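Chain by chain, the residues:
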Amino acid sequence: MGQIEVFSPAKINLFLSVLGRMENGFHELVSLVGQVDFGDTLRIEVEEASAASVELRCSDESLPTDRSNLAYAAAEGFLLRSGLNWRVRIELEKRIPHGAGLGGGSSNASAVLRGLSELAEDAGALGLSRGERLELAAELGSDCPLFLEKRPVVMRGRGELLSAVDRSLAGVEIVLFKPSFSINTGWAYGSLIKRGDCYDESAWAEERLAAWRDGGMSTGELLHNSFEKAAFSKYVAFDALFGKLREKKVASLMSGSGSCCFSLVRSDSEANEVEGLVGECWGERAFVQRARVLG
Ligand SMILES: C[C@](O)(CO)[C@H](O)COP(=O)(O)OP(=O)(O)OC[C@H]1O[C@@H](n2ccc(N)nc2=O)[C@H](O)[C@@H]1O
Ligand SMILES: Nc1ncnc2c1ncn2[C@@H]1O[C@H](COP(=O)(O)OP(=O)(O)OP(=O)(O)O)[C@@H](O)[C@H]1O
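This one's a predicted model, so the numbers in the text were calculated from it and none came from an experiment. (Residues numbered from 1 in each chain as written. Chains lettered and ligands numbered in written order. Predicted model: local features only at pLDDT ≥ 70, side-chain atom pairs only at ≥ 80, totals over all residues. Heavy atoms only, no water.)

Chemist: Before we go on, may I ask you to explain the UniProt feature "active site" (unreviewed entry) in the protein in this structure?
Modeler: As annotated by UniProt and renumbered to match this structure, "active site" (unreviewed entry) occupies Lys11 and Asp143. Spanning 133 residues, the named residues form one tight spatial group whose C-alpha atoms are at most 9.3 Å apart. Of the residues annotated just before, the largest pocket has Lys11 and Asp143 among its lining. One can find Lys11 in strand 1 (residues 2-21). Residue Lys11 is classed as buried on the basis of its relative accessible area, which comes to 2%. A polar contact is formed between the side chain of Lys11 and the backbone oxygen of Gly101, at a distance of 2.8 Å. Within the secondary structure, Asp143 sits in the loop between helix 3 (130-140) and strand 5 (153-156). Setting aside residues no more than four positions away along its own chain, Asp143 makes contact with Lys11, Gly103, Ser106 and Met155. (UniProt positions renumbered as here; feature names shortened; annotations may be inferred. 1 Å grid on protein atoms, 1.4 Å probe; cavity = no way out; pocket = protein on both sides within 12 Å on 5 of 7 lines; lining within 4 Å. Helix = DSSP H or I, 4+ residues; strand = E, 2+ residues; numbered from the N terminus. Buried < 20%, exposed > 50% of the residue type's maximum accessible area, 1.4 Å probe, protein only. Polar contact = N/O pair within 3.5 Å; in protein donor to acceptor, adjacent residues only side chain to side chain. Contact = heavy atoms within 4.5 Å.)

Printed below as a string of C-alpha cells:
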C-alpha cells in the first residue's frame with residue numbers, strides 16, 4: 001500500500017545540565033541538543049491487513065528485533081493509538097553506535113512515528129495528531145520528543161519540554177569519537193545519584209544558555225555536560241585524550257550519558273588533527289565520524 005525511507009539522525013548535547021532528581025525518579029535537566037547529518041536509515045512498508053502487526057529487521061545483529069527495540073515499540077504504539085489495522089514492516093540500517101549518548105534508539109523511534117504519520121496522510125487515513133505523537137514519544141523514552149523537531153532545541157523537564165532556539169547551529173562541523181566501550185544511560189544517572197556532587201543550579205544553567213543565545217558566549221565556551229565528572233573518573237581513557245584536545249584548543253565534550261564525544265572543528269586540518277589524536281590515544285577500534293549539525 002505504501003512505503004517510505006526515513007533518515008534517523010544522531011544527536012549531540014552541546015550543553016547538558018542535570019539539576020537533580022524529581023519525585024517520579026527521573027532527573028530534571030536543561031539541555032541544548034542538535035541533530036546531525038550522520039545517522040541510521042529506516043525503510044518502512046505498510047499494507048492493509050485484518051489485524052495490526054509489526055515486523056522488524058535490523059542490520060545490527062546485536063540489537064533485539066522484538067518490542068524491546070524502540071523502533072518496534074514505536075510502530076506498535078502508533079498502531080494501537082491510531083487503531084489502524086496495518087501490517088508494518090521496518091528495515092533498520094544501523095550506523096549510530098549504541099551506549100553512546102547519541103540517542104540512536106530514541107531517534108529510530110521518532111523516525112518511525114514520522115514515517116508512519118506520513119504514510120497515514122498519503123493513504124488519507126487518520127494517524128496521530130502532533131500532540132498524540134509527542135505524548136507517545138515521551139512515553140517511549142526521554143530523548144524521543146526532541147527527534148520530532150527539525151531544528152536544535154532546548155529540552156527541559158525529563159526531556160519532554162521543548163523550546164526552539166533562535167541562534168542557528170546549522171552547519172557547525174564536528175568530529176564524533178567513541179571509545180570501544182559503551183556507557184549505559186541507567187548506569188550514568190545512577191552514578192550521579194551516588195556521587196551527589198554533579199548536579200548544577202538551575203539559575204547557573206539558564207544564565208549560561210541565555211548568554212549563548214544572546215551572542216555573549218561562543219558555542220565552544222558553552223560546552224558543558226554534568227555526566228563528564230562521573231564518566232571521566234571511572235574511565236581514564238577520557239582524560240588523556242581531552243588533555244591533548246585542550247592543549248590544541250579544540251572545544252570538545254562528551255555527548256549525553258556517553259561514551260561518545262565530539263569536537264567542534266573550524267577546518268579540515270583541525271578535523272584531521274582530532275582524528276589523529278583519537279587514533280593515538282584510543283587506537284584503531286575507536287569509532288570516528290565527521291558530521292555537521294542540522295538546521
Ligand atoms: C542523557 C540523555 O541522553 C540526555 O539527552 C537523556 O536524558 C537519556 O534519555 P533516554 O536514553 O531516552 O533515557 P530513558 O530511556 O528515558 O531512561 C533510561 C534511564 O535513565 C534515567 N533517566 C533518564 C532521563 C532522565 N531525564 N532522568 C533519568 O533519570 C531513567 O531513570 C532510566 O532508568
Ligand atoms: N533501535 C535501537 N537502536 C539502538 N539501541 C536500541 C534500539 N532499541 C533498543 N535499544 C537498546 O538501547 C540500548 C542502548 O541504550 P543506552 O541508553 O544505553 O544508550 P544510548 O546510546 O544513550 O541510547 P539512547 O540515547 O538512544 O537511549 C541498547 O542496549 C539497545 O539494546
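Chemist: It is not clear to me how the pairing of strand 5 should be interpreted in this structure. Could you clarify?
Modeler: A regular strand places its side chains so that they alternate between the two faces of the sheet. Direction of pairing for strand 2 (residues 27-48) relative to strand 5: antiparallel, over a ladder of three bridges. Each bridged residue has a counterpart across the sheet, and for Leu32 the counterpart in strand 5 is Val154. Summarising the sheet, strand 5 and strand 6 (residues 161-164) pair through four bridges and their orientation is antiparallel. Residue pairing for strand 6: Val153 is matched across the bridge by Ala164. Linking strand 5 to strand 6, which pair antiparallel, is a turn of four residues; within it Gly157 sits at a positive phi near 70°. (Pairing = 2+ DSSP bridges.)

Chemist: Help me out: how do you make sense of the sheet that holds strand 7 (residues 173-178) in this one?
Modeler: The pairing of strands in a sheet comes from backbone hydrogen bonds and takes either a parallel or an antiparallel form. Read from one edge of the open sheet, four strands run 9-10-7-11, paired in antiparallel fashion. In this open sheet, the two edge strands, each paired with only one partner strand, are strand 9 (252-254) and strand 11 (287-292). Between one strand axis and the next, the sheet turns by 20° as a mean value, whatever way the strands run. Here strand 7 runs beside strand 11; their pairing, made up of six bridges, is antiparallel. (Axes fitted to C-alpha atoms, helices over the stretch in contact; angles between N-to-C directions.)

Chemist: For this particular structure, what's the right way to read empty space enclosed by the protein?
Modeler: Left-over empty space is what a probe sized like a water molecule reveals as it rolls over the atoms. A complete count under the given rule lists one cavity of 30 Å³ or more for this structure. When its volume is computed, the largest cavity comes out at roughly 30 Å³. If you trace the largest cavity, you find it lined by Ile183, Trp187, Ala188, Ser191, Phe227, Ala230, Ala231 and Ser257. Secondary structure elements with two or more residues in the lining of the largest cavity: helix 4 (185-195) and helix 7 (228-234). The dominant element in the lining of the largest cavity, judged by the number of residues it contributes, is helix 4, at three residues. (Points joined across faces, edges and corners; volume = space filled by probe spheres on them.)

Chemist: Help me understand the site of ligand 1 in this model?
Modeler: Inspection of the region around ligand 1 gives 16 residues, with Asn13, His27, Ser142, Asp143 and Tyr189 positioned closest. At 3.1 Å from an oxygen atom of ligand 1 is found a side-chain nitrogen or oxygen belonging to Asn13. A distance of 3.2 Å separates a nitrogen atom of ligand 1 from a polar backbone atom of Arg158. Across the complex, the protein chains shield 78% of the 640 Å² of accessible surface that ligand 1 would expose by itself. One can see that ligand 1 is located within the largest pocket. At the level of secondary structure, the elements contributing two or more residues to the shell around ligand 1 comprise strand 1, strand 2 and helix 4. For the shell around ligand 1, the per-class residue count stands at five nonpolar, eight polar and three charged. Mapped onto the domain boundaries, the shell around ligand 1 takes at least three residues apiece from domain 1 (2-164) and domain 2 (173-292). (Near = heavy atom within 4 Å. Areas by Shrake-Rupley, 256 points an atom, 1.4 Å probe, with all protein chains shown as cover. Sits in = over half its atoms within 2 Å of the grid points. Nonpolar A, V, L, I, M, F, W, Y, C, P; charged D, E, K, R; others polar. Domains from an automatic or database assignment.)

Chemist: Just checking my understanding: could you explain the packing of aromatic side chains for this structure?
Modeler: Aromatic rings considered in pairs are described by the distance between their centres and by the relative angle of their planes. In total, this model carries 12 aromatic pairs according to the counting rule given. Geometrically, the ring pair formed by Phe232 and Phe238 is stacked, given 4.6 Å between the ring centres and 5° between the ring planes. Judged by centre distance (6.3 Å) and plane angle (80°), the rings of Tyr235 and Phe238 are edge-to-face. Since its relative accessible area comes to 0%, Phe238 is described here as buried. Taken together, the aromatic side chains of Phe177, Phe181, Trp187, Phe232, Tyr235, Phe238, Phe242 and Trp282 make up a single cluster linked through ring pairs. In this structure, Arg158 is placed above the aromatic ring of Phe26, and the distance from its NZ or CZ to the ring centre is 4.2 Å. (Phe/Tyr/Trp six-rings, centres within 6.5 Å; stacked < 30°, edge-to-face > 60°. Lys NZ or Arg CZ within 6 Å of the ring centre and 35° of its normal.)

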